[in-house]
Amino acid sequence: MKNRIHSKMQEDKKLLSIYFTAGYPALNNTVQILEDLEKNGVDMVEIGLPFSDPLADGPTIQASSSKALKNGMTTAVLFDQLKDIRKTVSIPLILMGYFNPMMQYGVEAFCKKCQEIGIDGLIIPDLPVAVYHEEYQPIFEKYGLINVFLITPQTDDERIRYIDSVSNGFIYMVSSASVTGSQSGFGNTQQDYFKRIAAMQLKNPQIVGFGISNSETFTQATTDAKGAIIGSAFIKHLTANGVAAIGDFVQHIR
Amino acid sequence: MNYNVTEKGYYGTYGGAYIPEMLYPNVENLRQNYLKIMQEPSFKEEFDQLLKDYVGRPSPLYFAKRLSEKYNTKVYLKREDLNHTGAHKVNNTIGQILMAKKLGKNRIIAETGAGQHGVATATVCALMGMDCIVYMGEIDIARQAPNVARMKMLGAEVRPATSGSKTLKDATNEAIRDWINNPVDTHYIIGSAIGPHPYPDMVTRFQSIISEEIKWQLKEKEGRENPDYVVACIGGGSNAAGTYYHFLHEEEVGIIAVEAAGKGIHSGESAATSALGKEGIIHGCRTLLMQTEDGQITEPYSISAGLDYPGVGPLHSHLYTSGRGEFYSATDDEAMTSGLELTQLEGIIPAIESSHALAIFKHKTFKPEDVVVISLSGRGDKDLDNYIKYFNL
């Protein structure tokens, strides 16, 4: 079967992707959040697998991860929650998490389970592209999974070309030198960076993440890029308004 | 077998650089330049001179006569406790601050648990006139007030880590996040032989002055460079790495590591990583670490704040797995009584970390002719409160 991420990238529109931490605010919210996001027109979802030590995340996602772990979320619990997800949700689903829990589950077993469920891709911030390329790529490909890599404003052109060559789906373009959730609005530096990357004519489309929180930043981020990912702002919305008001949040983005 | 780091940063299967892309440019810059810089004559000259005139090296290799008599073997103590700032930590911070200068960085960040590495970092930042921010768990700030005061007096800003368990591992996470947020002007001085490559190797090389000195000092005293055993305590493992370094490939030298068993290896309150850990990723490094079945990193416990780390440096994981190192663990009780014993036999109050190394005599019997060198990694001033409470002094 064709990977849903590939089909999605072909659509003639700017893509809105949402990140949330599985097991937050309550352990069993996962399926409802996914269904509501799709119902409200979200194009793609990153499901965060919580980790005790999320190095690349700011306070909002850290706090949601701690709470999710306290609620009892584990890799096995998440897989169980998602076992029938393809009966109700058809947009691309990406699991985003740190490498250690995947290693402990077993990388191959993890990938196999993802395929059974209908997961399309993975984002693993602390699995470097070279290690993936040399050790794990055949396993991911065997199970039809797209592994998504990050680039940042500090990534030099040569490395961007290398990441583009190993990527197959999209490139996660980190908007600025920061952890998640620490930006408010994009200045000239970021806009220049967005343009610089667009001018490189990469083979993979780019989806911008980090620092997108509302309609204005979504529009800025997607002027040149294919889409944008909202994480911390959505978690904050869940914290303040619960899972019932997901539609409100999405409608305000576009 | 090879015990040195490979080109890609591995010791056996351990090591590497499992870092988010945001850290790649800084870590890669360091990887490409650290060996070159360390070999520059101007770097070596300044490093050696500071170790001599500022730190007070060489640190003595002291024959502990009464301790030797008690255990019927020949015990030498490598007196890192006599260094400026009271522990081996400063060997590394001197090296790394000079490295930061060469790399054109002017802002220094560090993590600290008990505060020893924080103090050693704040000290060299004062010496070099650099901005210094030390991340320290909120809980550790409360229980290590004198070291917090020292850092502040030295001009450092101490930032509380309020995430997770609010101790060393979280302080390390916060320091890494700071580096992600400040990729251009900042150098991160990691305090132990942990973290992404090249940190474990760089820290080990800066600490290797310990074993370099042991070799010539022992030659003077015993007529031979190699002892029968070198013994060190291990948390992350920087003093151990420095103590072992020049003996790693000398097969006649036994390498002994003592971890912190806390209230007992299987008590649920322990930091004996080699016994309890499984291979995984912590702070950018593939190594043995204490974790749940699900891969969540767990909080260790030891009476010694300096050994209270859920992982262990990748070199040590390799020494453990390959069998090159003999690994033991000492409980709080064994360490505390060994610390008191050294105080009363030799007039030296050791840091509680170092007391764990001294507790080797509770686990292993040496031959009368054996020469056993123990790294006395730090002095006990900072631990007086703990000793007082423990022994009702």
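Coordinates for the structure precede this section.
Reference entry: report on the structure contained in this document. (Residues numbered from 1 in each chain as written. Chains lettered and ligands numbered in written order. Predicted model: local features only at pLDDT ≥ 70, side-chain atom pairs only at ≥ 80, totals over all residues. Heavy atoms only, no water.)

## Looking at the overall build of chain B
- Looking only at helices and strands, one finds 16 helices and 14 strands in chain B.
- On C-alpha atoms alone, chain B measures out to a radius of gyration of 19 Å, which is about the 21 Å that the 2.2 N^0.38 rule sets for 393 residues.
- Dimensions of chain B, computed from the C-alpha atoms along their principal axes, are close to 55 × 45 × 40 Å.
- Counting across all 393 residues of chain B, residues that qualify as buried make up 64%.
- Long-range contacts, defined as pairs at least 24 residues apart, comprise 73% of the intrachain contacts of chain B with a sequence gap of at least 6.
- For chain B, the computed accessible surface area is about 13800 Å², with 50% contributed by carbon and sulfur atoms.
- Put simply, chain B has 39 plus and 49 minus side-chain charges, and the middle of one group is 2 Å from the middle of the other. (Helix = DSSP H or I, 4+ residues; strand = E, 2+ residues; numbered from the N terminus. Rg over C-alpha atoms; globule rule 2.2 N^0.38 Å. Buried < 20%, exposed > 50% of the residue type's maximum accessible area, 1.4 Å probe, protein only. Contact = heavy atoms within 4.5 Å. Areas by Shrake-Rupley, 256 points an atom, 1.4 Å probe, with all protein chains shown as cover. Lys, Arg positive; Asp, Glu negative; His and termini not counted. Charge placed at Lys NZ, Arg CZ, Asp CG, Glu CD.)

## Quick notes on helix H7 (residues 129-142) of chain A
Residue and element names in this part refer to chain A.
- Where H7 bends most, the angle comes to about 75 degrees, and this point is Tyr136, followed within four residues by the proline Pro138.
- Considered for burial, the residues of H7 that qualify are Val129, Val131, Tyr132, Tyr136, Gln137, Ile139 and Phe140.
- With its phi angle positive at about 65 degrees, Gly144 sits one or two positions after the end of H7. (Bend = angle between axes of the 7 residues up to and from the residue.)

## Brief notes about unusual backbone geometry
- With an omega of -5 degrees, the peptide bond between A:Tyr24 and A:Pro25 qualifies as cis.
- Note that A:Pro25 resides in the loop between strand E1 (15-21) and helix H2 (30-39).
- The amide bond that connects B:Arg57 to the next residue, B:Pro58, takes the cis arrangement and shows omega of 0 degrees.
- Summarising the element assignment, B:Pro58 is placed in the loop between helix H2 (41-55) and strand E3 (61-63).
- With a phi close to 55 degrees, B:Asn72 is a non-glycine residue in the positive phi region.
- Within the secondary structure layout, B:Asn72 lies in the loop between helix H3 (65-71) and strand E4 (74-79).
- Taking the relative accessible area as the measure of exposure, B:Asn72 reaches 49% and is therefore partly exposed.
- Non-glycine residue B:His283 carries a positive phi angle of around 50 degrees.
- When you line up the elements, B:His283 lands in the loop between strand E11 (278-282) and strand E12 (285-289).
- What makes B:His283 buried here is its relative accessible area of 6%.

## Some points on the packing of aromatic side chains
- A full pass over the atoms with the stated rule returns 24 aromatic pairs over all chains.
- Look at A:Phe99 and B:Tyr18: their rings are 6.4 Å apart centre to centre, the planes differ by 5 degrees, and that puts the pair in the stacked class. With A:Phe99 in helix H5 (residues 99-105) and B:Tyr18 in the loop between strand E2 (14-15) and helix H1 (24-39), the pair connects residues from two separate chains. Taken as a pair, A:Phe99 and B:Tyr18 share a single burial class, namely buried.
- Among the aromatic residues, those joined into a cluster by ring pairs are B:Tyr71, B:Tyr229, B:Phe361 and B:Phe366.
- Directly above the aromatic system of B:Tyr24 lies the positively charged group of A:Arg159, at a separation of 3.2 Å from the ring centroid.
- Across from the ring centre of B:Tyr301, 5.1 Å away, lies the NZ or CZ of B:Lys263, which sits over that ring. (Phe/Tyr/Trp six-rings, centres within 6.5 Å; stacked < 30°, edge-to-face > 60°. Lys NZ or Arg CZ within 6 Å of the ring centre and 35° of its normal.)

## Considering the interface of chain B and chain A
- Contacts between the two partners involve 34 residues from chain B and, on the opposite side, 39 residues from chain A.
- A per-residue breakdown of the area chain B buries against chain A is headed by B:Glu21, B:Met22 and B:Arg177, which together make up 22% of the total.
- Counting across the interface, chain B meets chain A through three salt bridges.
- Two residues, B:Glu21 and A:Arg159, come together in a salt bridge whose shortest N-O distance is 2.6 Å.
- The interface formed by chain B and chain A holds 20 residue pairs in polar contact (both at pLDDT 80 or more) in total.
- The set of elements that each furnish at least two residues to the side of chain B that touches chain A consists of H1, helix H8 (168-181), E11 and E12 of chain B.
- Looking at the side of chain B that touches chain A, the element that brings in the most residues is H8(B), giving eight residues.
- Partitioned by chemical class, the residues of the side of chain B that touches chain A number 15 nonpolar, eight polar and eleven charged. (Buried area = accessible area lost by both parts, 1.4 Å probe. Salt bridge = Lys/Arg side-chain N within 4 Å of Asp/Glu carboxyl O. Polar contact = N/O pair within 3.5 Å; in protein donor to acceptor, adjacent residues only side chain to side chain. Nonpolar A, V, L, I, M, F, W, Y, C, P; charged D, E, K, R; others polar.)

## So, the nonpolar core
- The biggest cluster of nonpolar side chains holds 182 residues, and the ones touching the most others in it are A:Leu37, A:Ile47, A:Leu95, A:Phe99, A:Phe234, B:Met99 and B:Tyr244.
- In contact with A:Ile47, not counting residues within four places along its chain, are A:Phe20, A:Ala22, A:Leu34, A:Leu78, A:Leu82, A:Leu93, A:Ile94, A:Leu95 and A:Met96.
- Among the nonpolar cores identified, the runner-up in size contains 26 residues, and B:Val231, B:Cys233, B:Phe366 and B:Leu376 belong to it. (Core = buried A, V, L, I, M, F, W, Y, C linked by side-chain atoms within 4.5 Å.)

## Points about a nonpolar patch on the surface
- Taken together, the side chains of B:Ile349, B:Leu384, B:Ile388 and B:Leu393 define a hydrophobic patch exposed on the protein surface, amounting to about 370 Å² of accessible area.
- Owing to a relative accessible area of 38%, B:Ile349 belongs among the partly exposed residues under this scheme. (Patch = residues over 30% accessible without salt bridge, like charges linked within 9 Å, V, L, I, M, F, W, Y side chains within 5 Å.)

## Some words on the side chain of A:Thr21
Residue and element names in this part refer to chain A.
- Of note, Thr21 is situated in strand E1.
- For Thr21, a relative accessible area of 0% puts it in the buried group.
- A distance of 3.3 Å separates the side chain of Thr21 from the side chain of Tyr19, its partner in a polar contact.
- Residues in contact with Thr21, not counting those within four places in the same chain, are Gly48, Pro50, Ile61, Ser64, Ser65, Ala68 and Ile235.

## Some points on the packing of helix H3 (residues 59-71) of chain A against helix H11 (residues 232-241) of chain A
Residues and elements named next belong to chain A.
- Contact geometry of H3 with H11 gives a least axis separation of 9 Å together with a crossing angle of 55 degrees. Between H3 and H11, the crossing angle belongs to the class labelled oblique. Note that H3 runs across H11; the crossing there is left-handed. Between H3 and H11, the contacting residues are Thr60, Ile61 and Ser64 on the first element and Ser232, Ile235 and Lys236 on the second. (Axes fitted to C-alpha atoms, helices over the stretch in contact; angles between N-to-C directions. Parallel < 35°, antiparallel > 145°, perpendicular 65-115°, else oblique. Left-handed = near helix turned anticlockwise from the far one by under 90°.)

## A few points about the sheet that holds strand E7 (residues 157-161) of chain B
All names here are of chain B.
- Sheet architecture is open: four strands sit in the order E7-E6-E5-E8, paired in parallel fashion. If you trace the sheet from one side to the other, it starts and ends with E7 and strand E8 (186-189), each paired once. The sheet shows a mean angle of 25 degrees between the axes of neighbouring strands, taken without regard to direction.
- Both strand E5 (residues 107-112) and E8 contribute to a ladder of four bridges, which runs parallel. The residue of E8 that forms the bridge with Ala110 is Ile189. (Pairing = 2+ DSSP bridges.)

Any link to function would need more than the numbers given here.
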